[in-house]
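Next come the chains, spelled out residue by residue.
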Amino acid sequence: MSTPKSAVVAADRGLSEKGLKAGSVGLIGAVVIGISCIAPAYTLTAALGPTVSEVGVHLPAIFIVGFIPMLLVALGYRELNNAMPDAGTSFTWASRAFGPWLGWMGGWGLIAATIIVLSNLAAVAVDFFYLMLAQLFSNPSLADLTTVLPLNIATTLVFIAGACWISYRGMETTKTFQYVLVAFQLLVLGWFAIAAFAHVANGTAFDATAIQADWFNPFAVESFSQFAAGVSLSIFIFWGWDVTLTMNEETKNPEKTPGRAATVTVIVIMVIYMTVSLATLAFAGIGTEGLGAGNPENQGSIFAVLAGPVMGPFAILMSLAILSSSAASLQSTFVSPARTLLSMGHYKALPKSFGKISPTYKSPSYATIAAAIAAAAFYVITRTLSENALWDTITALGMMICFYYGITALACVWYFRAEAFRGARSFFFKFLAPLLGGVILLVMFFKTAYDSMDPSYGSGSNIGGVGLVFILGAGVILLGAALMLLMNWRHPEFFKGQVLSRASQIYNP
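Under an unreviewed UniProt entry, the name given to the protein chain is Amino acid transporter, and the organism recorded is Arthrobacter psychrolactophilus. Per UniProt, the comment on the protein chain under Subcellular location (unreviewed entry) is "Cell membrane".

Below you can see the structure in the form of structure tokens.
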């Protein structure tokens, strides 16, 4: 009697369910959580100014260039998910393609990136929380409360704890929370863009600038270093769509829905970014004085500067939108590290306690709390030591994003190597798209690593003449390697391929 094909596939994969609540998220819910994780309102206010300072009016071109590798990698992620839906995503897929060592480092790249950004999101939420209070009570001094270090840290920890509590309660609570906050921030961003274009049309813009076709030409950027810096920032602003894949064991139709949600999320975000960036450039121009987008004083949060002139008395809505964007992203970003840690515990790449599931909410209980503690500790340490260290670590975040995205994209190429040339569809989606996306991101990883060694990179801080951004980025990766060696000593089964083995042959269900 022959073995059913599906059983052979399951046996070959070495994958297993972890007890998460299946079927709790549909396509729309997954896309909403994906948009939330990217946090367009928060990301744009933080990234528009620095990107303009690098590439000027060619901001739309850089967004397009950053969008291309993200889309190519998303297509590769979709194929891996179709073949192996597993909450471990990068960790699981790289382990299946390349073996346990590279798989573990791929998982570490995701965890480190998300833990770092969790602390940053909480910090931004706190800044805009006090700014909102200042606007609400017409008392500018309230905004300065965020500079009081003990109060800042205490408020940040409250935000992290609240996000952790919602995440602990599972995807149903997460989804409901996200619908409201995502809808609000998209509404305000749309309002801002329409109002900015209206000012341009009425002749009341600060520095009305006509949109030109050259803005969309990436080859018009003056130097490769400027191009690379701009793309690195652009990659950061698209990052987060892969959260839709980490929910694959909890979505309806797990082989198809997560991949579709990832692709839709990237495209929707691209439309939002292009619309708002064009509106900003058209209204403010790229000048280095006043409301100009190139003014260094505006780069920390460009919407905080432009919301009043563009939206008038409704500017407080932008503060609320950025607060809700960072708070929503803080909560939804917990999804990825918690499920990666869960999978690593489940497959014995970490202590088995990480594989625990809440019996009530069917969510990663231990892993969610561990992610919150790690994010809180990271923020407290870096914020106490040096504010420059905190922001330089965020700059180094781009290195880790390129690192684990690149590994996962190439894992797709290698995993499907036996069937890559069996047809046009397989060639493009399983070979060419992820290969190009992975190579672009890994080139960006090495380029950013090299550039960040310059003491002037980032905040300008350095140790022994080496840029702090490079030291922090390399340090995080080396920390992962050290922890991997420790786990190999404590839990050798995973690293011997006894739990999650490499795929020796490709099967299609």
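On we go from here.
Asks: Quick one: what's the story with the overall build of the protein chain, residue by residue and with numbers?
Replies: Summing up its helical and strand segments, the protein chain has 19 helices and 2 strands in all. Against the compact-globule benchmark of 23 Å for 509 residues, the protein chain has a radius of gyration of 22 Å, which places it among compact chains. With the C-alpha coordinates of the protein chain rotated into their principal frame, the extents come out at 80 × 50 × 50 Å. Counting the 509 residues in the protein chain, one finds 59% classified as buried. When contacts within the protein chain are restricted to residue pairs at least 6 apart in sequence, long-range pairs at least 24 apart make up 80% of them. A total accessible area of about 19100 Å² is found for the protein chain, and carbon and sulfur atoms account for 67% of it.

Asks: Tell me about the pattern of salt bridges, and please be specific about residues and values.
Replies: Applying the stated criterion across every chain, the model contains 8 salt bridges. Asp86 is the salt-bridge partner of Lys18, the closest N and O atoms lying 2.7 Å from each other. Of this pair, Lys18 sits in the loop between helix 1 (5–13) and helix 2 (27–38) while Asp86 sits in the loop between helix 4 (59–83) and helix 5 (90–98), and the two are 68 residues apart along the sequence. Judged by relative accessible area, Asp86 falls into the buried class, the value being 1%. Here Glu172 and Lys175 are joined by a salt bridge, their closest N and O atoms 3.7 Å apart. Taken together, the residues span about one helical turn, with Glu172 and Lys175 both in helix 8 (residues 171–202) at a distance of 3 residues. In this structure Lys175 comes out as buried when scored by relative accessible area, which is 15%.

Asks: Which residues make up unusual backbone geometry, and what values go with them?
Replies: At Ala39, a residue that is not glycine, the phi angle is positive and equals roughly 60°. Inspection of the secondary structure assignment puts Ala39 in the loop between helix 2 and helix 3 (40–55). The exposure class assigned to Ala39 is buried, which follows from its relative accessible area of 0%. Within the chain, Lys348 stands out as a residue other than glycine whose phi angle is a positive 65°. Relative to the elements of secondary structure, Lys348 occurs in the loop between helix 14 (335–346) and helix 15 (365–385). The exposure class assigned to Lys348 is partly exposed, which follows from its relative accessible area of 42%.

Asks: Please give an account of the side chain of Ser277 that cites residues and values.
Replies: Position of Ser277 relative to the elements: it lies in helix 11 (residues 257–284). Not counting residues up to four positions away in its chain, the partners in contact with Ser277 are Leu48, Leu59 and Phe63.

Asks: Describe the packing of aromatic side chains, naming the residues involved and giving the relevant values.
Replies: Each aromatic ring pair is described using two quantities: the centre-to-centre distance and the angle formed by the ring planes. Throughout the structure, instances matching the rule amount to 26 aromatic pairs. For the ring pair Phe63 and Tyr273, a centre distance of 5.8 Å and an interplane angle of 40° mean the geometry is tilted. With Phe63 in helix 4 and Tyr273 in helix 11, the pair connects residues that are 210 residues apart, well separated along the chain. A single burial state applies to Phe63 and to Tyr273, both of which are buried. Each residue in the set Tyr77, Trp93, Trp241, Tyr404 and Tyr405 is aromatic and connected to the rest through ring pairs, giving one cluster. The ring of Trp414 has Arg417 lying over it, and the distance from NZ or CZ to the ring centre is 4.2 Å.

Asks: Tell me about the side chain of Ser325, and please be specific about residues and values.
Replies: Its location among the elements puts Ser325 in helix 13 (residues 316–333). Of the residues examined, Ser325 reaches a relative accessible area of 0% and is grouped as buried. Leave out the neighbours within four places in its chain, and Ser325 touches Ser36, Ala39, Pro40, Ala41, Tyr42 and Gln185.

Asks: Break down the environment of Pro258 for me, citing the residues and quoting the values.
Replies: Relative to the assigned elements, Pro258 resides in helix 11. Sequence separation of Pro258 and Ala30 is 228 residues, and the distance between their C-alpha atoms is 7.1 Å. Each residue touching Pro258, except ones within four places of it in the same chain, is listed here: Asn81, Thr244, Leu245, Asn248, Thr251 and Asn253.

Asks: Talk me through helix 2; I want residue IDs and the actual numbers.
Replies: Here helix 2 spans 17 Å end to end across 12 residues, near enough to the 16 Å set by a 1.5 Å rise per residue. Among the 12 residues of helix 2, 10 are classified as buried, and the element is accordingly described as predominantly covered. Those residues of helix 2 that sit buried are Gly29, Ala30, Val31, Val32, Ile33, Gly34, Ile35, Ser36, Cys37 and Ile38. One or two residues past the end of helix 2 sits Ala39, with phi positive at roughly 60°.

Asks: Which residues make up helix 17 (residues 424–451), and what are the values?
Replies: The terminal C-alpha atoms of helix 17, which comprises 28 residues, lie 38 Å apart, in line with the 40 Å expected from a rise of 1.5 Å per residue. The largest bend in helix 17 is about 30°, located at Leu432, with the proline Pro434 one to four residues further on.

Asks: For a nonpolar patch on the surface, give the residues involved together with the corresponding values.
Replies: Among the surface-exposed residues, Ile28, Tyr179 and Val180 lie close enough to one another that they form a single nonpolar patch of about 320 Å² accessible area. Looking at the secondary structure, you find Ile28 in helix 2.

Rules behind the numbers
- Residues numbered from 1 in each chain as written.
- Predicted model: local features only at pLDDT ≥ 70, side-chain atom pairs only at ≥ 80, totals over all residues.
- Heavy atoms only, no water.
- UniProt positions renumbered as here; feature names shortened; annotations may be inferred.
- Helix = DSSP H or I, 4+ residues; strand = E, 2+ residues; numbered from the N terminus.
- Rg over C-alpha atoms; globule rule 2.2 N^0.38 Å.
- Buried < 20%, exposed > 50% of the residue type's maximum accessible area, 1.4 Å probe, protein only.
- Contact = heavy atoms within 4.5 Å.
- Areas by Shrake-Rupley, 256 points an atom, 1.4 Å probe, with all protein chains shown as cover.
- Salt bridge = Lys/Arg side-chain N within 4 Å of Asp/Glu carboxyl O.
- Phe/Tyr/Trp six-rings, centres within 6.5 Å; stacked < 30°, edge-to-face > 60°.
- Lys NZ or Arg CZ within 6 Å of the ring centre and 35° of its normal.
- Expected span 1.5 Å × (residues − 1).
- Bend = angle between axes of the 7 residues up to and from the residue.
- Patch = residues over 30% accessible without salt bridge, like charges linked within 9 Å, V, L, I, M, F, W, Y side chains within 5 Å.

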